[in-house]
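Close look at the chain arrangement
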Amino acid sequence: MKKLLLSAVAALALVSCDSAAPMGIIYANTSCPVAASSGAAVRTGQSHAVSYCHLVAIGDCSIERAKQNGGITNISSVDVKRENILGIVTRYVTVVKGN
């Protein structure tokens, strides 16, 4: 029983590291707004990063990279998408909309 409780606490501790968005222990796929304005958006740009076991992370999911990828100069909104599979693979996508 003690080992089971310790395992559950350890799993929750690993998942709770990314508390800016709702996360699931087994699977999560969430989208969260970061910023928005009243301007109309014609273009969309995305930037990506991925993390493996929270030990190695690669990519550039910055707003600047998403702006460049979409050819955007004036931002209307910024959203962040996160997908987590068992804490083994976590994907981050920043979506920028604007003109």
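Rules of the game
Residues numbered from 1 in each chain as written. Predicted model: local features only at pLDDT ≥ 70, side-chain atom pairs only at ≥ 80, totals over all residues. Heavy atoms only, no water. Helix = DSSP H or I, 4+ residues; strand = E, 2+ residues; numbered from the N terminus. Buried < 20%, exposed > 50% of the residue type's maximum accessible area, 1.4 Å probe, protein only. Contact = heavy atoms within 4.5 Å. Areas by Shrake-Rupley, 256 points an atom, 1.4 Å probe, with all protein chains shown as cover. Arc of directions from axis to C-beta.

Topic: the overall build of the protein chain
Across its full length, the protein chain carries two helices and five strands. In sequence order, the secondary structure elements of the protein chain are arranged as α-β-β-β-α-β-β. Counting across all 99 residues of the protein chain, residues that qualify as buried make up 30%. In the protein chain, the share of contacts with a sequence separation of at least 24, taken over all contacts with a separation of at least 6, comes to 63%. A total accessible area of about 6,500 Å² is found for the protein chain, and carbon and sulfur atoms account for 63% of it.

Some details on the environment of Ile85
Considering the arrangement of structural elements, one finds Ile85 in strand S4 (residues 75–85). The exposure class assigned to Ile85 is partly exposed, which follows from its relative accessible area of 33%. In this structure, the C-alpha to C-alpha distance between Ile85 and Cys53, residues 32 residues apart in sequence, is 9.7 Å. Other than its neighbours up to four places away in sequence, Ile85 contacts Ile26, Tyr27 and Arg91.

Brief notes about helix H2 (residues 63–70)
By the burial criterion, the buried members of H2 are Ala66, Lys67 and Gly70. An end-on view of H2 places all buried positions within 100 degrees of arc, on one side of the element. Buried residues belonging to H2 abut strand S2 (43–52), S4 and strand S5 (89–98). Taken from the residues just after H2, Gly71 is the one with a positive phi, measuring 65 degrees.

As far as function goes, none of this settles anything; it's purely spatial.
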